Amino acid sequence: MDGAEHAAARRQVIGEFTVKRLAALRPRIQAIVDHFIDDLLATDHRPVDLVQALSLPVPSLVICELLGVPYTDHDFFQSRTTMMVSRTSLEDRRRAFAELRAYIDDLITRKEA
């Protein structure tokens, strides 16, 4: 997004990114990072693809924490976000986006109820 569209979207979520809110999430974010680093150190497989092993799952799980995605849904959320940034077909990426958007719409509805 650019310009006014980005500014409008940013205003809608800026309240979730306060210093206090992010400081409260810091221990959980650290635990997520530590988990994936521990997994990297425990494997004998070398070399390691850092994108697959760390750079994709960590932000996805942090976003799950921000959105309040139940832990039981993390695998679904992570698989769709991974597909959205992968080199699969445009159709697959669009389907993953649509499935993730439908999931988030449902999550919001459940939280509002």
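Each remark here, short or long, concerns the structure printed above.
Residues numbered from 1 in each chain as written. Predicted model: local features only at pLDDT ≥ 70, side-chain atom pairs only at ≥ 80, totals over all residues. Heavy atoms only, no water.

A.B. asks: Would you mind showing me how to read the pattern of salt bridges here?
C.D. replies: Pairing of side chains with opposite charge becomes possible as their charged atoms draw close. Tallying each qualifying case throughout the model produces 4 salt bridges. Salt-bridge contacts for Arg28 lead to Glu65; the nearest nitrogen and oxygen are separated by 3.0 Å. With Arg28 in helix H2 (residues 19-42) and Glu65 in helix H4 (residues 57-67), the pair connects residues that are 37 residues apart, well separated along the chain. A salt bridge links Asp106 to Arg110, with the nearest nitrogen and oxygen atoms 3.0 Å apart. Placement of the pair is Asp106 and Arg110 together in helix H6 (residues 90-112), with a separation of 4 residues, close to one helical turn. (Salt bridge = Lys/Arg side-chain N within 4 Å of Asp/Glu carboxyl O. Helix = DSSP H or I, 4+ residues; strand = E, 2+ residues; numbered from the N terminus.)

A.B. asks: Looking at this structure, how should I read the packing of aromatic side chains?
C.D. replies: Note on aromatic pairs: each is described by the distance of the centres and the angle between the planes. Inspection of every chain in the model, using the stated rule, returns 1 aromatic pair. Their ring planes at 50° and their centres at 5.4 Å tell us that Phe76 and Tyr103 sit as a pair that is tilted. With Phe76 in helix H5 (residues 74-84) and Tyr103 in helix H6, this residue pair connects regions lying 27 residues apart in the sequence. Overall, Phe76 belongs to the partly exposed group, its relative accessible area being 27%. Overall, the relative accessible area of 10% leaves Tyr103 in the buried class. (Phe/Tyr/Trp six-rings, centres within 6.5 Å; stacked < 30°, edge-to-face > 60°. Buried < 20%, exposed > 50% of the residue type's maximum accessible area, 1.4 Å probe, protein only.)

A.B. asks: So what exactly am I meant to see when it comes to the nonpolar core here?
C.D. replies: It is characteristic of soluble globular proteins that their nonpolar side chains tend to be buried jointly. Within the largest apolar cluster, 6 residues are counted, these being Cys64, Val69, Phe77, Leu100, Tyr103 and Leu107. At 3 residues, the largest contribution of residues to this core is made by H6. Filtering out sequence-adjacent residues up to four positions away, Leu100 remains in contact with Phe77, Arg80, Thr81 and Met84. Within the second largest apolar cluster, 5 residues are counted, among which are Ile32, Phe36, Val58 and Leu61. (Core = buried A, V, L, I, M, F, W, Y, C linked by side-chain atoms within 4.5 Å. Contact = heavy atoms within 4.5 Å.)

A.B. asks: Where do I start with a nonpolar patch on the surface in this structure?
C.D. replies: On the surface, a cluster of nonpolar side chains totalling about 240 Å² of accessible area is made up of Val13, Phe17 and Leu22. Considering the arrangement of structural elements, one finds Val13 in helix H1 (residues 3-13). Overall, the relative accessible area of 40% leaves Val13 in the partly exposed class. (Patch = residues over 30% accessible without salt bridge, like charges linked within 9 Å, V, L, I, M, F, W, Y side chains within 5 Å. Areas by Shrake-Rupley, 256 points an atom, 1.4 Å probe, with all protein chains shown as cover.)

A.B. asks: Honestly, the environment of Asp92 in this entry has me stumped. Any pointers?
C.D. replies: Looking at the secondary structure, you find Asp92 in helix H6. The spacing of Asp92 and Arg80 is 12 residues in sequence and 9.7 Å in space, taken between C-alpha atoms. Side chain to side chain, Asp92 and Arg95 meet in a polar contact 3.1 Å long. (Polar contact = N/O pair within 3.5 Å; in protein donor to acceptor, adjacent residues only side chain to side chain.)

A.B. asks: Would you mind going over H5 with me for this structure?
C.D. replies: Owing to its 3.6 residues per turn, the α-helix brings residues three or four apart onto one side. Taken as a whole, H5 has its buried residues at His74, Phe77, Gln78 and Thr81. Take H5 and look down its axis: the buried residues cluster within an arc of 95°, on one side only. Of the surrounding secondary structure, the elements contacted by the buried residues of H5 are H4 and H6. (Arc of directions from axis to C-beta.)

A.B. asks: Would you mind going over the side chain of Thr81 with me for this structure?
C.D. replies: Tracing the sequence through the fold places Thr81 in helix H5. There is a polar contact of 3.1 Å between the side chain of Thr81 and the backbone oxygen of Gln78. Excluding anything up to four places from it in sequence, Thr81 contacts Ser60 and Leu100.

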